[in-house]
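# Observations on chain architecture
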Amino acid sequence: MHRAIATVLLVVAPLTAAAQGIVRGTVRDQDGTPISGASIAIPGTTLSTRSDLQGVYRIAVVPPGQVRVYAAALGFGPVDTVVALTGGDSTTVDFRLVPAPLALPPVDVVSDRVPHFGDRPATSVGQVTERELGRRAVNTVDEALEHVAGVQMVNGQTNIRGSTGYVQGLNSRVLMTVDGVPMNQGDRGGINWDLLSLDEIESVEILKGAGSSLYGSAAFGGVINVTTRDVPTGFHTGLRLTGGVYGDPPHQIWRFRDSPGMLGGGDFSASYGTDIFGGRISGGDRHSDGYRQQDQDDHLHFAARGRWQHANTRVDFSGAWAADRYDVPLSWCSRAECDDKGQVFQPFMVDTTERGARTDSRKGFLSARVRTTVSPRFAWTARGSWLRTHFVDVRRSATEFGIGDRFGAAGQIEAHPDPARTVIVGTEATYSTVTSDIFGSHSQSEFAAYGQSEQRVGPVRVSGGARLDFLAVDGGSLTAVVSPRIGATLSGSGGGGATWRASIGRGFRSPTMAERFVRTTALGFDVVPNPTLRPEVSWSFEIGHTTAPLFRFMRLDAAVFWTEARDLIEPQVLQIPPDTVRIQLQNVVRARIAGFDASVIAAPIPDRLIATLGYNYLSTRRQLAGDSAEGPLAFRPRHLLQLGADYKVGALGVGADFRFASRPERIELEGFVDPRRVPVKVLDVRANWKPANGPVEFRLLAANVLNYIYNLVPETLAPVRTVTLTAVWTH
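Moving on, we come to the overall build of the protein. Helix and strand counts for the protein stand at five helices and 42 strands. Against the 2.2 N^0.38 benchmark of 27 Å for 731 residues, the protein shows a C-alpha radius of gyration of 25 Å, consistent with a compact globule. Sorting the 731 residues of the protein into buried and exposed places 55% on the buried side. A sequence separation of at least 24 residues applies to 62% of the contacts in the protein between residues at least 6 apart. Accessible surface, the protein: about 29,500 Å² in total, of which carbon and sulfur atoms supply 60%. If the 74 positive side-chain charges of the protein are averaged to one point and the 73 negative ones to another, these points end up 4 Å apart.

Written as structure tokens, this is what we have:
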């Protein structure tokens, strides 16, 4: 770390007297259609940007002389060109990208916090582009994550390579960031997937594996970074309308209403921008009748974003607010708990003692970011953020509430001493508070410093760094956690050749205030607090390989991974004589998570037919503290398979996705909950119609088209067949 800081200080030198210029232009495909979200950069420098909705880009502070400019987008082949700039000149460079489904992703931001244009990351990274979000016709971003190899969504919680499992509403072992700003809740540590509308999102990147060396707590199992759309130049508006229907239960005896459940909603956005400033506002509303008894949901959201740029400084600020009122179906009812119609259990119905249960939720965030490019070799960034969550659970047995605030500030400097070397150094501070009748009133402070350096030597790129986190609860004694990481990549000849990668790093997750201090009732038992919880820690190792194109129409990416974890937090049943039973969260588990992760993309007809396959094999071992008995971790399927195919003819595109997850070998609190569970076998089919350069697009999605009935967690039914039609208009 000391060497990294020294290197940064050495490159902070006065700017050259020569005036610096601007490179601007557009990025389009062969038909002239703008490509948004394309990466444009001057490799080996701090200068990079992305194209907006119109395919327009602009890079300032470009040094005079011969300048190499790189442009690429996912699904297109990269273009590398050299232009000549004189002092203070402005040069236009327009790019035409050729479709190339097998081209490697153009940029990796998540794993190193610095873009590496044309280089491969040392850890596995999955990507979901704006085009994929539209093609899959999803309504929230978490629906799209289920199609990324090695990723499974379990009732809103992200399970990356088996890192998370499932704990209802109290934590996440995966960190979510929006434009690099951490967005996990300050009190419970969870993720609000519906805080941003889908039309605000440009792309999603998923780091598979420990990311604590740069991102700290909650990056135990990975990082999900959501990149929002920039404000384009000119005046633009957009409208999105969705309507749909839920399928009926497959058996008459399970039916709980006479008419089908409906869902629908609308979103509107408007923006205006110039080269200097820009702003966008958006809002939307949606309603769902739900697919189970007591499952209605009403959601309202607003968002705004602005940017200002002058010379070498850019300021971005954004905010969002959302309100939800949704019924709580809780667990399904068993015999004699509802109108069971003679059945042992009714998966679509709830216990009559909790009729009317609902949750009112409010959440919002504000963030601001300043980036100054001092020179092509040096830049600094500062940001601040505030995330607030407020919920009220209304039930017959009790009414519970919680208000959580998370304040964050960070600073980072980025240096390129030479084109083959990059150094970053940063600090980050977070202060979280909670006021709740089940969590109490508490605070948690975190302060961290990190540094990373990487060097290219021929075809090898080596990186290494570490982060030091200090944690304190209620102003008490400090807990220090050190998270180092090293990685290396070996690239073959040519930008599309084979690559090898390897990395080892430490991950950790600090217990949330909800985990430490929760006092409530679950499954009929009292849940008692445990203020002495310690951070979960792990070491993660990975070796991966990306092949060169095979048989000219497919490419394989595969990795083996291994994680050794200690002090994992799980709910434990406490037997208190003579007959009292309580539940408490404890650091009781030492675990091993190992497996194999592979994805294949095939394009037998590159401009029409594309197919994908993702497979994750998982082997887990769980051992309780002080116990020699071993067993698998809960909620981790041994096999996870995703298949997808898309075919396009003119303006019409059709596709299908299939997901399979084997039956989990173990669930938590088995013996106290209904243990019924089956494998997941879900087929989605979809179609979209969009004329070339037309303003309107129609998307049709039939999710779980076979109406397969399954559950991911005990006594909670997963979604049944749902058919939605979406119309999108942009101008």
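All right, on to the nonpolar core then. Residues L145, W193, V204, I206 and I224 are the most contacted members of the largest nonpolar core, which totals 30 residues. Looking at this core, the elements that each hand over two or more residues are α3 (141-145), β10 (151-154), β12 (175-178), β14 (201-208), β15 (222-228) and β20 (313-327). Beyond its immediate chain neighbours, meaning those up to four positions away, W193 contacts V141, D142, L145, M153, G156, T158, M176 and I224. Counting residues in hydrophobic clusters, the runner-up holds 23 residues, among them V27, I42, V62 and A71.

A contiguous nonpolar patch, built from V245, M262, I605, Y647, V649, L652, V654, W689, F698, L700, V723 and L725 and spanning about 960 Å² of accessible area, is present on the exposed surface. Elements supplying a minimum of two residues to the nonpolar patch: β38 (639-649), β39 (652-661), β41 (696-703) and β42 (722-730). Judged by its relative accessible area of 41%, W689 falls in the partly exposed class.

Before going further, it helps to spend a moment on the sheet that holds strand β13 (residues 181-182). Here we have five strands laid out as an open sheet, ordered β9-β14-β15-β12-β13, and mixed in their pairing. Looking at which strands have only one partner, the edges of the open sheet turn out to be β9 (125-129) and β13. Where β14 meets β15, seven bridges bridge the pair, whose relative direction is antiparallel. Among the inter-strand pairings, V204 is bridged to a residue of β15, identified as V226.

The rules behind these values
- Residues numbered from 1 in each chain as written.
- Predicted model: local features only at pLDDT ≥ 70, side-chain atom pairs only at ≥ 80, totals over all residues.
- Heavy atoms only, no water.
- Helix = DSSP H or I, 4+ residues; strand = E, 2+ residues; numbered from the N terminus.
- Rg over C-alpha atoms; globule rule 2.2 N^0.38 Å.
- Buried < 20%, exposed > 50% of the residue type's maximum accessible area, 1.4 Å probe, protein only.
- Contact = heavy atoms within 4.5 Å.
- Areas by Shrake-Rupley, 256 points an atom, 1.4 Å probe, with all protein chains shown as cover.
- Lys, Arg positive; Asp, Glu negative; His and termini not counted.
- Charge placed at Lys NZ, Arg CZ, Asp CG, Glu CD.
- Core = buried A, V, L, I, M, F, W, Y, C linked by side-chain atoms within 4.5 Å.
- Patch = residues over 30% accessible without salt bridge, like charges linked within 9 Å, V, L, I, M, F, W, Y side chains within 5 Å.
- Salt bridge = Lys/Arg side-chain N within 4 Å of Asp/Glu carboxyl O.
- Pairing = 2+ DSSP bridges.

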